[in-house]
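# Reading the structure
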Amino acid sequence: MKWDDVTLFLLAAFGCVTLLLTQVSEVLSKLPKIIRAWRAVRRELNGGEPSDSSDPEERGGE
């Protein structure tokens, strides 16, 4: 095995790890909003009592 092959393999491996970490970070940053949306769907399916929350994100604003 030549050093060029080792270098290219290491670059490819680190590129894949970086891509994986970036994707995991994106999913984790959006997870709270997904959970709030899922709770709103469940609330609507169970009869839909409006919430008295003062949280602007639950009311639809950001």
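Above: the structure in question.
Residues numbered from 1 in each chain as written. Predicted model: local features only at pLDDT ≥ 70, side-chain atom pairs only at ≥ 80, totals over all residues. Heavy atoms only, no water.

## Quick word on the overall build of the chain
When its secondary structure is counted, the chain shows one helix and zero strands. In the chain, which comprises 62 residues, the proportion classed as buried is 0%. For the chain, the exposed area adds up to about 5,900 Å²; of that, 63% sits on carbon and sulfur atoms. (Helix = DSSP H or I, 4+ residues; strand = E, 2+ residues; numbered from the N terminus. Buried < 20%, exposed > 50% of the residue type's maximum accessible area, 1.4 Å probe, protein only. Areas by Shrake-Rupley, 256 points an atom, 1.4 Å probe, with all protein chains shown as cover.)

## Here we look at helix 1 (residues 3-45)
For helix 1, with 43 residues, the first-to-last C-alpha span of 61 Å sits near the 63 Å given by 1.5 Å per residue. In helix 1, a bend of some 40 degrees at L31 exceeds every other bend along the element, and P32, a proline, comes one to four places later. (Expected span 1.5 Å × (residues − 1). Bend = angle between axes of the 7 residues up to and from the residue.)

## Brief notes about the pattern of salt bridges
What the rule picks out here adds up to one salt bridge. Across the salt bridge formed by K30 and E26, the nearest N and O atoms sit 4.0 Å from each other. With a gap of four residues between them, K30 and E26 both fall in helix 1, about one helical turn apart. (Salt bridge = Lys/Arg side-chain N within 4 Å of Asp/Glu carboxyl O.)

## Topic: a nonpolar patch on the surface
Residues L20, V24, L28, L31, I34 and I35 make up a contiguous nonpolar surface patch of roughly 540 Å² in combined accessible area. Tracing the chain through its elements places L28 in helix 1. What makes L28 exposed here is its relative accessible area of 55%. (Patch = residues over 30% accessible without salt bridge, like charges linked within 9 Å, V, L, I, M, F, W, Y side chains within 5 Å.)

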